[in-house]
Amino acid sequence: MAVSRGPADPRLEVLRRVGFLAVLEDQALAEVCARSRRVRYRPGERILGELESGAEVFVVLEGRVEVSVESGAGDRYRLSELEAGAAFGEMSSLTGELHSASVDALTEVEALVIPDSEFDRLRERRPEVAVALVRLLGERLAGAERTVDELLDGRAREGVALPAGGARLRRGSISRAWRELVVNRRRDLGFLAFAGFVATLLLVRALVYLSFRLGVMASDLLRGAYLTGFALLGLSAASSLLTFRDPARRVIALAYGIACALILNELGVTLAFDIFFKDIHTADPTVPFDIERLYRRTEPMRAVLVALLVLVQAAYLRRFYRRAGFVLATRTRRLWARLCGG
Amino acid sequence: MDLESVERLLGSVSLFDQLRPDELARIAPRFQLLELGEGQALEVGDAPCEQRLLILLSGGAQLEVTLGGRALRSSLDPGDRFGDMALVSGHPRPFRMVARRPSVLAAIDRAGLERLLHDFPAVALPLAGELSSELRARNDAVRQLLELHAERFPADELASAVAERRRVLSRQRATVRRLAPRALFRRLVVEPEADPPFWMLVGFVVALALARLTVFLILHYHLEAQLFALVPGKDSNPVHVHHFNYGLLLVAAAGLAALFPLGRRALRVLAFSFGAGCGLVFDEFALFWNLNPEYARASSLVASAIAAAVLAQLVYFGRFWHALARRGWRGLRGWR
């Protein structure tokens, strides 16, 4: 992504094609250009992501972009393609809500990014922009209402499913299993969390084993590991609620798996440390504080098994659970309606 | 009802609260005042020319919207309104309004609203915001319905799910716009509530306060043996499952669920769960930091205050920090 602040944008003609900016005269459009920044995106680069917060308004000056949404099952559906003269992001700027779709560059794209403050200023100083927006949004709302009615009446308008990388069908073999279970899933978030969990668990167990055998820094290592795990879990969970860009989310998934492994491996320490205390005010002198004893308790292993089970399900079986959950929910709802009706 | 009262009441409606008193005085006569006696009904059909924006000025009324053969009712109090979305989009929504007690309504048709927008474009600012929220809800519905059709679910289940979506949409289409909340409440609650950090902060504060109160009551009334989760084992003292463990479980569950595709509502629920989990963890920060069960230590409170401050920064100054980080990042790249 290359950013440049243009002196005077020569492409006012493009801005005049944007419905809500068309009401402005050349001087005002030139001012908008001067207060905005021009950004170039490479083909395939994400311009804004679904569920991300952000209130800037984008105007496509050159190139084509694709608007798409991700389904609950992880498939991506193309909603539309926009060309030069199209704008997006204005709804989030108006309401401060999260973006409802992702926009990716299909070709080399040059976009004018109007900052939220500038768009606010524009609407307040030139209310005719807001009036034009009302008309534009009113038309869009009418269109959305018609689409909703069509879909409710069973006239399915097929979203264009974007191609997903899938394995070619071949005969069963270890290499095929490896490809399907690992290689093809290397970008899957569930798999990354699972992989991070297993790798960290093996590494930490080896390190703790060595430190106990050598008698060095065992308690510091354990304390450091579970505190790092707590911090990493909090940060990765918060980031997964705030960031929706694919590369960042892959790092987050990995960090999440690492955090879970660090916490569960030392669960004995954080779960049962107060067996050495009579109550919350008094340490029990008959039971000396022994961190190795805590580490060797059996709870962590049970918890690790449960976590492995959950992460495997999340990595490999979530589509099945989603379908099963959907069918179960609708059948339950129908049964409930029948019972209530009866 | 005299014009002065009409102006005052219109000034409290979010569409017009940015107008000056002289502007309110100029728009008030453009509304047609309708008086309804108790039990009297006003019907608006599905013809575009019949659509009206109705604002209840006094009394009380019940709105009945029939969608998909099902009647939905909502009650209106003074300042509440209905019909603006149909008026602006041109997508008619027939409804019936019945007065619960003697009521006065201000009504305006499409042409009147167009003239109003032309003469007082400031009205377009809040209207554009409301339209965006409405459009966003419809886009969500389109997406959910597209998904349902694309997933090729069994026909019965699909029909049932579509019927459920129809019910939800009907409720959305019959939503009454309520009187504008006060400015401070809007700034502190209504505006930031779209973002996950707001729900994280709410969850954090609620969980922290509840945990503190519960533990205080348990310790004060010496109910440890009855109410603390004590798991006996082969050790002389039982294992007490501290509530930071439940917090960790909540944070972990929210984090895992948030890795997979979500809707906006699910995101809010998860953000709240995450915040609640963090509240439980930070309430016992001193315990796992020192591996000592002494609850009343200042470090838990300090850590909780820092966490709450960070969340509050994210909620109310998030854009500032984001811009600062972006500028810093650009500066760093330029320097390199």
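What counts and how
- Residues numbered from 1 in each chain as written.
- Chains lettered and ligands numbered in written order.
- Predicted model: local features only at pLDDT ≥ 70, side-chain atom pairs only at ≥ 80, totals over all residues.
- Helix = DSSP H or I, 4+ residues; strand = E, 2+ residues; numbered from the N terminus.
- Rg over C-alpha atoms; globule rule 2.2 N^0.38 Å.
- Buried ≥ 20, exposed ≤ 12 C-beta atoms within 10 Å, placed from the backbone.
- Contact = placed C-beta atoms within 7 Å.
- Nonpolar A, V, L, I, M, F, W, Y, C, P; charged D, E, K, R; others polar.
- Domains from an automatic or database assignment.
- Axes fitted to C-alpha atoms, helices over the stretch in contact; angles between N-to-C directions.
- Parallel < 35°, antiparallel > 145°, perpendicular 65-115°, else oblique.
- Pairing = 2+ DSSP bridges.
- Core = buried A, V, L, I, M, F, W, Y, C linked by C-beta atoms within 7 Å.
- Expected span 1.5 Å × (residues − 1).
- pLDDT = per-residue confidence, 0-100.

(A) Looking closely at the overall build of chain B. Each helix and strand in chain B was counted, giving 13 helices and 8 strands. In summary, chain B has a C-alpha radius of gyration of 27 Å against a globular reference of 20 Å for 336 residues, an excess of more than 25%. Principal axes of the C-alpha set define a box for chain B whose edges measure 80 × 55 × 55 Å. Relative to its 336 residues, chain B shows a buried fraction of 39%. When contacts within chain B are restricted to residue pairs at least 6 apart in sequence, long-range pairs at least 24 apart make up 72% of them.

(B) Here's a closer look at the interface of chain B and chain A. On the chain A side, the residues contacting the 74 residues of chain B number 75 residues. If one sorts the elements of the side of chain B that touches chain A by residue count, helix α5 (residues 124-150) of chain B sits on top with 22 residues. Counted by class, the side of chain B that touches chain A contains 44 nonpolar, 14 polar and 16 charged residues.

(C) Fine view of the domain arrangement of chain B. Each assigned domain of chain B is listed here: domain 1 (3-177) and domain 2 (187-335). If you average the C-alpha positions of domain 1 of chain B and of domain 2 of chain B, the two centres end up 40 Å apart.

(D) Representation of the packing of α5 of chain B against helix α6 (residues 155-173) of chain B in the model. Residue and element names in this part refer to chain B. The geometry of α5 relative to α6 is characterised by a closest axis approach of 11 Å and an angle of 175 degrees between their N-to-C directions. As judged from the angle between their axes, α5 and α6 are roughly antiparallel. On α6, the residues that touch Ala137, Ala141, Gln144, Leu145 and Leu148 of α5 are Leu158, Ala161, Val162, Arg165, Leu169 and Gln172. A class-by-class count of the residues in the contact of α5 with α6 yields 8 nonpolar, 2 polar and 1 charged.

(E) The pairing of strand β8 (residues 102-105) of chain A, seen in detail. All names here are of chain A. Judged by which residues are buried, β8 turns out to be covered on both faces: Ser102 and Asp104 on one side and Val103 and Ala105 on the other are all buried. By the bridge criterion, 2 bridges tie strand β3 (residues 46-48) to β8 in an arrangement that is antiparallel. Opposite leucine 48, over in β8, you have valine 103 as the bridge partner. Two elements, strand β5 (residues 65-70) and β8, share 4 bridges in a ladder whose sense is antiparallel. Along β8, the bridge assignment pairs serine 68 with serine 102.

(F) Structural detail: the nonpolar core. Counting residues in hydrophobic clusters, the biggest one holds 97 residues, and the most contacted among them are Val59, Ala111, Leu133 and Val134 of chain A together with Leu10, Ala124 and Ala128 of chain B. If you look at the next biggest cluster of nonpolar residues, it comprises 84 residues, including Cys260 and Ile263 of chain A together with Ala254 and Val281 of chain B.

(G) Region of interest: helix α11 (residues 264-283) of chain B. Under the 1.5 Å per step criterion, the end-to-end length of α11 of chain B is 29 Å for 20 residues, consistent within 8% with the ideal 28 Å. Counting buried residues along α11 of chain B, 16 of its 20 residues qualify, which places the element largely inside the surrounding structure.

(H) Seen up close, the domain arrangement of chain A. Residue and element names in this part refer to chain A. The domain architecture assigned to chain A consists of domain 1 (2-152) and domain 2 (174-341). Its C-alpha centre places domain 1 at a distance of 41 Å from the equivalent point of domain 2. Each residue belonging to the side of domain 1 that touches domain 2 can be placed in one class, and the counts come to 2 nonpolar, 2 polar and 3 charged.

(I) Just the pairing of strand β9 (residues 109-114) of chain A, in detail. Sheet topology places strand β2 (residues 37-41) of chain A next to β9 of chain A; 5 bridges connect them, and they run antiparallel. Of the residues in β9 of chain A, the one forming a bridge with arginine 40 of chain A is glutamate 110 of chain A.

(J) Region of the structure containing the confidence of the model for chain B. Residue and element names in this part refer to chain B. On average, residues of chain B score 86 in pLDDT, and 97% of them are at 70 or above. Across chain B, the secondary-structure element scoring lowest on mean pLDDT is helix α7 (residues 183-190), at 74, and the one scoring highest is helix α10 (residues 243-258), at 96. For this predicted complex, the interface score ipTM comes out at 0.75, while the overall pTM is 0.74.

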